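# Secondary and tertiary structure notes
Okay, here's what each chain looks like letter by letter:
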Amino acid sequence: METIEVGLAERAYPIHIGNGLGIGQLARAALPRTRDLMVVTNTTVGPLQLGRVMGSLGEAGFAPRSLELPDGERYKTVDSWMSIHTGLLEAGFGRDCAIVALGGGVVGDLAGFAAATYQRGIPFIQVPTTLLAMVDASVGGKTAFNHPLGKNMVGAFWQPRAVLADLGTLGTLPRRELAAGMGEVIKTAILGDAGLFGELERDSAAAFRLDGDFLLRAVRRCCEIKARVVAEDERERGMRALLNLGHTFGHAVEAFLGFGTWLHGEAVGLGLVMAATLSERRGILPSGVAARIAKLCSECDLPIEIPTEMKDYDFIKFMRHDKKVRDGAVRYVLPVRLGECRVFSDVGDDEVRSLVGEMKGRQATI
Ligand SMILES: NC(=O)c1ccc[n+]([C@@H]2O[C@H](COP(=O)([O-])OP(=O)(O)OC[C@H]3O[C@@H](n4cnc5c(N)ncnc54)[C@H](O)[C@@H]3O)[C@@H](O)[C@H]2O)c1
C-alpha cells in the first residue's frame, strides 16, 4: 500500500492506494470515534462491492447502513442528493455520523455534496472504484450535482477524511470506462510528469491488462500531482486551473453532443489533442508533441477526431459558457512542453476557427 498526504493543514487527509485494502481499518483510522456510517453506492457497484465493504466496516466497529442510487450521470441530480439525506434521516443518523462514497465520480460527487450539506456538514470517505475517480474525482474535495442548465452547477468544496483506492476493484470495470480514466492519466502526465508520459508511450496497454505495478505507479503519480496542486490552491483561484488541461475543448464537445454521449474522459482525450495542436500552432509546444499525444490517446481507445457535425462556431459558443471564463475571456490551459502547462487568456476566436479548420481538414484526408 502507498500513502500520499493531501497537505491542507487541519483538513489534511491521506490517500491510500493498494490492492485488497483493509477498508474497515483504514476508515477507522480516519474516523476514530464514529459509529453510524452510511455507505452510498449505486445499483452497479453495490452488488459487486457492498458485501465486502460492509463486512470490513462492521469488523472495524462501525454500524454501517447502505443506500444504492440509480447508476448514471443522468441521475447526478437534486433528487439523488435529496434521497441520500432522506436515507440518513430515516436511519435516525445525527451529526456524529459519516458517509462512505463507494463508486465512481458520480457517486463520489453526490455523496460528497450530501456530506457537505447534511446537518451543515458531516465527514465522509471516498472509496473510488473507477480509474477516473481514483486519479481525479475522489481527490480535492469538489462535490456537486448537475442542474438542468449546467453540469456540476450546484456543489461545494468539502474535503474527504480519507481516500481509499483499492486497485482490485478495477477488475470489473468496463474497458470503455478504463479508457476514459486513461484520458485523465494522460492529462496528468502532460501537465506534470514527462516521465509518466514516456512510460505510457512505451506500454499504453498496461492499464488494459490491469498490470498492478503500472496501475499503482500511475494512480500514485496522478494523486501526488493533484494533491500538490490542491494543497496550493484548494479553491481554484490560480494554479488548480491547470488541472483543466483539455477540459475547455472537452466540455464543449460533451455539451454539444449532450452529456453522456461521449464519456468525460473521452472528451478530455480530444481536448488534449486540440490544446496541444493549438500550442504547436502558436510556436509554444515543440512540433511533433501533439502527434505523440494523439497517438497515445488513440492507442488508449480515446477519440481524437472532432465530431463531423460539430463546427468551429459550436466550440466558440460552448466554450464561452464554460465555468472557467473570467472577465469575458476564455482561459485556455496549453502545454508548453511535456510535463508543464500554462494558462492563456489571449486565444482569439479566429485562432479557434483556424485550429478546428486545420484538424477537420486533416481528418478529411485520412
Ligand atoms: N470532483 C471532481 O474533482 C471530479 C473530477 C473529475 C470528474 N468528476 C465527475 O465524475 C463523474 C465521472 O466519474 P466516472 O468516470 O467514475 O463515472 P461513473 O461514476 O458514472 O462510473 C462509470 C461507470 O462505471 C460503473 N462502475 C464504477 N465502478 C465500477 C467497478 N469497479 N466495476 C464495474 N463498474 C463500475 C459505474 O456504475 C458507472 O456505470 C462525472 O460526473 C464528473 O463530473 C468529478
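Worth saying up front: this structure is predicted, and the values here are computed from it rather than measured. (Residues numbered from 1 in each chain as written. Predicted model: local features only at pLDDT ≥ 70, side-chain atom pairs only at ≥ 80, totals over all residues. Heavy atoms only, no water.)

## Here's the deal with the overall build of the chain
Defined as follows: By the criteria applied, helices consist of DSSP H or I runs no shorter than four residues and strands consist of E runs no shorter than two, each listed in order from the N terminus. Computation of the radius of gyration draws on C-alpha atoms, with the globule rule given as 2.2 Å multiplied by the number of residues to the power 0.38. Categorising residues by exposure relies on relative accessible area from a 1.4 Å probe, with only protein chains included: less than 20% of the type maximum marks a residue as buried, more than 50% marks it as exposed, and the intermediate range marks it as partly exposed. Throughout, a residue-residue contact means that at least one pair of heavy atoms, one from each residue, lies within 4.5 Å.
A count of helices and strands for the chain gives 13 helices and eleven strands. Rg of the C-alpha trace for the chain: 20 Å, near the compact-globule value of 21 Å for 366 residues, within the 12% margin. Counting only C-alpha atoms, the chain reaches 60 × 40 × 35 Å along its principal axes. Here the chain, with 366 residues, has 57% of them falling under the buried criterion. Sequence-distant contacts, at least 24 apart, represent 75% of the contacts inside the chain between residues at least 6 apart.

## Digging into the packing of aromatic side chains
To describe a pair of aromatic rings, one takes the distance between the centres and the angle between the planes. Spelled out, the test is: Here a Phe, Tyr or Trp ring, Trp counted by its six-membered ring, pairs with any other such ring whose centre lies within 6.5 Å, and the pair is stacked when the planes are under 30 degrees apart, edge-to-face when over 60, and tilted otherwise. Two conditions define a charge located above a ring, namely a distance within 6 Å from the ring centre to NZ of Lys or CZ of Arg, and an angle within 35 degrees of the ring normal.
Evaluation of the coordinates by the stated rule reveals six aromatic pairs. Taken together through their ring pairs, the aromatic side chains of Trp81, Phe113 and Phe145 make up a single cluster. Between the NZ or CZ atom of Arg28 and the centre of the ring of Phe62, over which it lies, the distance is 3.9 Å. The lysine or arginine in question, Arg175, covers the ring of Phe208, its NZ or CZ lying 4.1 Å from the ring centre.

## What to know about the pattern of salt bridges
Convention followed: Here, a salt bridge means any Lys or Arg side-chain nitrogen found within 4 Å of an Asp or Glu carboxyl oxygen.
Counted by the stated rule, this structure contains 29 salt bridges. Note that Asp211 is salt-bridged to Arg209, the shortest N-O span being 3.5 Å. Residue Asp211 is classed as partly exposed on the basis of its relative accessible area, which comes to 25%. Among the residues examined, Arg209 registers a relative accessible area of 48% and is labelled partly exposed. Between Arg282 and Glu351 there is a salt bridge; the shortest N-O distance is 2.6 Å. Remark: Glu351 occurs in helix α13 (residues 349-365) and Arg282 occurs in the loop between α10 (264-281) and α11 (289-299); sequence separation between them is 69 residues.

## Considerations on unusual backbone geometry
Here the phi dihedral of Ala9 falls at roughly 45 degrees; this positive angle occurs in a residue that is not glycine. Its identity as a non-glycine residue notwithstanding, Asp301 has a phi of 65 degrees, on the positive side. Structurally, Asp301 is set in the loop between α11 and α12 (312-320).

## A few points about the nonpolar core
It is characteristic of soluble globular proteins that their nonpolar side chains tend to be buried jointly. Stated formally: In this description, a nonpolar core means a group of buried Ala, Val, Leu, Ile, Met, Phe, Trp, Tyr and Cys residues linked to one another through side-chain atoms lying within 4.5 Å. What counts as a domain boundary in this text is fixed by an automatic or database domain assignment.
Ranked by size, the top nonpolar core spans 83 residues in total, and within it Ile186 and Phe315 carry the most contacts. For this core, the leading source of residues is helix α8 (residues 212-232), giving ten residues. No fewer than three residues from each of domain 1 (2-172) and domain 2 (181-205 + 232-365) sit in this core. Filtering out sequence-adjacent residues up to four positions away, Ile186 remains in contact with Phe197, Leu200, Leu272, Leu296, Cys297, Cys300 and Leu302. One finds Val40, Ala101, Ile122 and Phe124 within the second-largest nonpolar core, a separate group that totals 23 residues.

## Comments concerning the layout of surface pockets
Using the following cut-off: Note on definitions: the grid is 1 Å and covers protein atoms alone; a cavity is a set of points where a 1.4 Å probe fits but cannot get out; a pocket is an open set with protein on both sides within 12 Å along at least five of seven lines; lining residues have an atom within 4 Å of a point. Grid points are joined across faces, edges and corners, and a volume is the space filled by probe spheres set on the points. Gly falls in the polar group here, along with every residue not listed as nonpolar (Ala, Val, Leu, Ile, Met, Phe, Trp, Tyr, Cys, Pro) or charged (Asp, Glu, Lys, Arg).
Reported here for the second largest pocket is a volume of approximately 210 Å³. As for the second largest pocket, its lining consists of twelve residues, of which Val273, Ala294, Ile304, Met359 and Arg362 are closest to the centre. Elements with a minimum of two residues in the lining of the second largest pocket: α10, α11 and α13. In terms of residue class, the lining of the second largest pocket is built from seven nonpolar, two polar and three charged.

## Quick word on the domain arrangement of the chain
The accessible area lost on association of the parts is a frequent measure of interface size. The condition that has to hold: By convention, the term buried area covers the 1.4 Å-probe accessible surface removed from two parts as they join, with the contributions of both added.
Each domain of the chain was delimited in the assignment, giving domain 1 (2-172) and domain 2 (181-205 + 232-365). Each of domain 1 and domain 2 has a C-alpha centre, and these two points are 29 Å apart. Of the residues lining the interface, 14 residues belong to domain 1; the matching set on domain 2 comes to 14 residues. Approximately 1200 Å² of surface area, both sides summed, lies buried where domain 1 meets domain 2, with 60% of it carried by carbon and sulfur atoms.

## Here we look at the site of the ligand
Put simply, the rule reads: We call a residue near a molecule or strand when any one of its heavy atoms sits within 4 Å of it. We call two N or O atoms a polar contact when they sit within 3.5 Å, provided that within protein one can donate a hydrogen and the other can accept it, with sequence-adjacent residues counted only if both atoms are side-chain atoms. Per-residue accessibility takes into account occlusion by the displayed protein chains alone, with areas from the Shrake-Rupley method and a 1.4 Å probe.
In the vicinity of the ligand, 25 residues are found, and the nearest of them are Glu73, Lys76, Thr129, Thr130 and Thr172. Asn42 has a polar side-chain atom sitting 3.0 Å from an oxygen atom of the ligand. With respect to the ligand, the backbone of Ala137 contributes an N or O atom lying 3.4 Å from a nitrogen atom. Against a free-state accessible area of 870 Å², the protein chains account for coverage of 89% of the ligand. Counting residues per element, the ones that place at least two in the shell around the ligand are α2 (45-59), α4 (105-117), α5 (131-137) and β8 (150-157). Here the shell around the ligand is built from residues that sort into seven nonpolar, nine polar and nine charged.

## Describing the packing of α12 against α13
Spelled out, the test is: Between the N-to-C directions of two axes lies an angle of 0 to 180 degrees, each axis being a line fitted to C-alpha atoms and, for a helix, fitted only over the stretch in contact. Angular relationships are summarised with four words: roughly parallel below 35 degrees, roughly antiparallel beyond 145, roughly perpendicular across 65 to 115, and oblique for the angles in between. Note on convention: the crossing is left-handed when the near helix lies turned anticlockwise from the far helix by less than a right angle, right-handed when the turn is clockwise.
Where α12 contacts α13, the axes come no closer than 9 Å and their chain directions differ by 135 degrees. The angle between the axes of α12 and α13 places the two elements in the oblique class. For α12 against α13, the interelement crossing comes out right-handed. Here α12 contributes Asp312, Phe315, Ile316, Met319 and Arg320 to the contact with α13, which in turn contributes Asp349, Val352, Arg353 and Val356. Each residue belonging to the contact of α12 with α13 can be placed in one class, and the counts come to five nonpolar, no polar and four charged.

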